[in-house]
Amino acid sequence: MTILFPHLDGLVIGAVRAVGSTVRIDAATPDEQVECPCCATLSHRVHSRYRRRLSDTAISGREVVIALQIRRLFCDNSDCGRRTFAEQVPWLAARYARRTLLLEKVLRPVALALGGRAGARLTGHLAAQVGRTTLLRRIRALPDPKRTTPRVLGVDDFALRRGHRYGTILIDMNTRRPVDVLTDRTADTLTTWLRAHPGVEIVCRDRAGAYAEGASKGAPEAIQIADRWHLWRNLGEAVERSVARHRVFLSAAVERPGEPLLPDIGEVAAGMRHGPVDPTQRRDRVAVRTRERYARVHALLAEGETIRAIGIRLGLARNTARRFARAQSPEELLVNNGTGYRVGLLDEFKPYLHGRWNEGCTNATRLFEEIRARGFRGRASMVRAYLQQFRATAHIPAPPPKPPAARRVAAWIMTDPAALDPDDQQRLDAILAASPELDSLAGHVRAFATMMTELKGKQLEQWMSCVDADNQPALHSFVRGLRRDQDAVAAGLTMRWSSGTVEGHVNRIKMLKRQMFGRAKPDLLRKRILLSD
């Protein structure tokens, strides 16, 4: 028995028998003297006996129930306020508990890992069935872990309700474990926590201004480190804006020397648009509204209005007003692929129609039947109307290859040349050869990448000065942001610490939230964040 049931050592085992799918163990406490919990006087006089029913861990896939006989004894100390007391079995179960400590130890990781409903389903397979609310109560009853104030602290926010409510997670970067969870992401809350936990020497954070302010007030002596991934992301956004500004040079990636581009189908068919048009040629409602807003925003800027005041006056979000203010021309705001162009039902099947037309099949009804068998859900009249424009031509010319999107070119510039596909490298070289501005932009990006990967933060000021001396409006905006947070950026480009560990925990929080289906209160989420592995 000691080998199979070590936690029952010290009890008197009466019988072990199977009752249906349950194993029942009859046990009793030994006939020994017991201390009164109030006065510690030993007593052996029995007042009465009663049975406790305790669930235990499974045996051979069967649920185990311990029927434990407990004695109630008299306290012989006349000065004690208690007349009787019930003896306890602290090594087996807690006071008033209905499960053994061993079973509680098994259920705890199940509850923390799976939560309520999923955990309850698993306990059924473990032959230790408990309800979902029981598991949630066990999580809430667990004490917070006792951890010392970290020397290196990671800070980041996570969504409690995306777009409405956010919290803050604090990570010990040395142990990679959560330290605390704050109820919001304001500077005052972080300041209060840092002042209550002195000893933080380094704070790893993203580019959020609230965390920078909170760390400066709560731990003014601590070194703040701006995360390198966020710096690289901000640089990528600036590069994409710059590439979009020089999008006219992107066609160099598909042009071949001495070989003119074939005319577009839109040039062959009078007035028929085959895809997104050039921003300078757009006259749709969105383009007209964009040009009007651009003119109004820049007129207000010339009058000395701030971005915030312009947004309020024109009814625009601050980021939208800032985007209009940064643009060099309204066409720069109309360069996104597909802007002003609605994909039709027939677009997917146009290449097939072109190929069949060039093979000599010009019967619209027959072509309609063929593409309907391929999944076309439109009417035959759509096919006839589209093919009507080609009746005067014997052959449909192939559309010219489209230039790469601005985002794709930006990705080429941001990629290590050693890891870039040779074909993509060739296209990028053609674009950079056609545009001195983009070639200079790529040089600045490579210099920043070298500085970041080799942790040469001392070169930051020199790099920013080179960018300021160049005609790169998008990078100028990026540099202004760096100067506002220059000490933290320089530390991020010099020291080995980053917010990668914190981002991993934020991703884990998303998984926990999905498991909880958004129904649990923040206190339960906090317990699972701090206690689950």
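Residues numbered from 1 in each chain as written. Predicted model: local features only at pLDDT ≥ 70, side-chain atom pairs only at ≥ 80, totals over all residues. Heavy atoms only, no water.

Attention now moves to the side chain of Thr-290. Tracing the backbone shows Thr-290 in helix H8 (residues 285-302). For Thr-290, the contacting residues outside a window of four places in its chain are Phe-324, Pro-330, Leu-333 and Leu-334. (Helix = DSSP H or I, 4+ residues; strand = E, 2+ residues; numbered from the N terminus. Contact = heavy atoms within 4.5 Å.)

Structurally, the position occupied by Thr-29 is in the loop between strand E2 (22-28) and strand E3 (34-35). Within the local environment of Thr-29, its side chain forms a polar contact with the side chain of Glu-87, the two groups lying 2.3 Å apart. Contacts of Thr-29, omitting those with residues within four sequence positions, involve Leu-11, Leu-68, Gln-69, Ile-70, Arg-71, Glu-87 and Val-89. (Polar contact = N/O pair within 3.5 Å; in protein donor to acceptor, adjacent residues only side chain to side chain.)

Here we take up the packing of aromatic side chains. Inspection of every chain in the model, using the stated rule, returns eight aromatic pairs. Ring geometry for Phe-368 and Phe-376: centres 6.2 Å apart, planes at 90 degrees, overall edge-to-face. When the ring centre of Tyr-166 is taken as origin, the NZ or CZ atom of Arg-185, which lies over that ring, is 3.7 Å away. One cation-aromatic arrangement involves Arg-496 over Trp-497; the distance from NZ or CZ to the ring centre is 3.9 Å. (Phe/Tyr/Trp six-rings, centres within 6.5 Å; stacked < 30°, edge-to-face > 60°. Lys NZ or Arg CZ within 6 Å of the ring centre and 35° of its normal.)

Note that soluble globular proteins tend to have their nonpolar side chains buried in a common cluster. By size, the foremost hydrophobic cluster in this structure holds 38 residues, and its most contacted members are Val-239, Val-243, Ile-413, Phe-448, Trp-463 and Leu-482. Ignoring any residue separated from it by four or fewer positions in sequence, one finds Ile-413 in contact with Val-239, Val-243, Leu-428, Leu-441, Ala-442 and Val-445. Core analysis: the next-biggest nonpolar cluster, separate from the first, contains 32 residues, Leu-112, Ile-225, Trp-497 and Ile-529 among them. (Core = buried A, V, L, I, M, F, W, Y, C linked by side-chain atoms within 4.5 Å. Buried < 20%, exposed > 50% of the residue type's maximum accessible area, 1.4 Å probe, protein only.)

On the surface, Arg-285, Arg-289, Arg-293 and Arg-296 cluster together into a positively charged patch. Summarising the element assignment, Arg-285 is placed in helix H8. Judged by its relative accessible area of 66%, Arg-285 falls in the exposed class. (Patch = residues over 30% accessible without salt bridge, like charges linked within 9 Å, V, L, I, M, F, W, Y side chains within 5 Å. Areas by Shrake-Rupley, 256 points an atom, 1.4 Å probe, with all protein chains shown as cover. Salt bridge = Lys/Arg side-chain N within 4 Å of Asp/Glu carboxyl O. Lys, Arg positive; Asp, Glu negative; His and termini not counted. Charge placed at Lys NZ, Arg CZ, Asp CG, Glu CD.)

The next point concerns the packing of helix H15 (residues 422-434) against helix H16 (residues 436-453). Axis separation between H15 and H16 bottoms out at 5 Å; the angle between their running directions is 120 degrees. In terms of axis orientation, H15 runs oblique to H16. Counting all contacts with H15, which are made through Ile-431, Leu-432 and Ala-434, the residues of H16 involved are Pro-436, Leu-438, Asp-439 and Ala-442. When its residues are assigned to classes, the contact of H15 with H16 shows six nonpolar, no polar and one charged. (Axes fitted to C-alpha atoms, helices over the stretch in contact; angles between N-to-C directions. Parallel < 35°, antiparallel > 145°, perpendicular 65-115°, else oblique. Nonpolar A, V, L, I, M, F, W, Y, C, P; charged D, E, K, R; others polar.)

Now for the sheet that holds strand E9 (residues 165-172). Read from one edge of the open sheet, five strands run E10-E9-E8-E11-E12, paired in mixed fashion. A single partner strand is all that each edge strand has here, and the edge strands are strand E10 (177-182) and strand E12 (223-226). Each strand axis lies, on average, 30 degrees off the axis of its neighbour in the sheet, ignoring direction. Packing of helix H20 (residues 500-516) onto the sheet brings it into contact with strand E8 (152-161), E9 and E10, and relative to E8 it is tilted by some 30 degrees. (Pairing = 2+ DSSP bridges.)

Right, let's get into the environment of Arg-132. Mapped onto the fold, Arg-132 is located in helix H3 (residues 132-141). For Arg-132, a relative accessible area of 38% gives the class partly exposed. A C-alpha to C-alpha distance of 7.7 Å links Arg-132 and Gly-115, two positions 17 residues apart in sequence.

Let us look at the pairing of E9. Judged by how many residues are buried, E9 sits mostly within the fold: seven of eight residues are covered. Bridge count for E8 against E9 is eight bridges, and the pairing is antiparallel. Bridge pairing in E9 links Ala-159 to Tyr-166. Counted along the chain from E8 to the antiparallel partner E9, the turn is three residues long, and its residue Gly-163 has a positive phi close to 85 degrees. Judged from the five bridges that link them, E9 and E10 form a sheet pairing that is antiparallel. Bridge pairing links Ile-169 to Val-181 in E10. Counting the residues that bridge the hairpin from E9 to E10 gives four residues, and of these Arg-176 lies at a positive phi of roughly 60 degrees.

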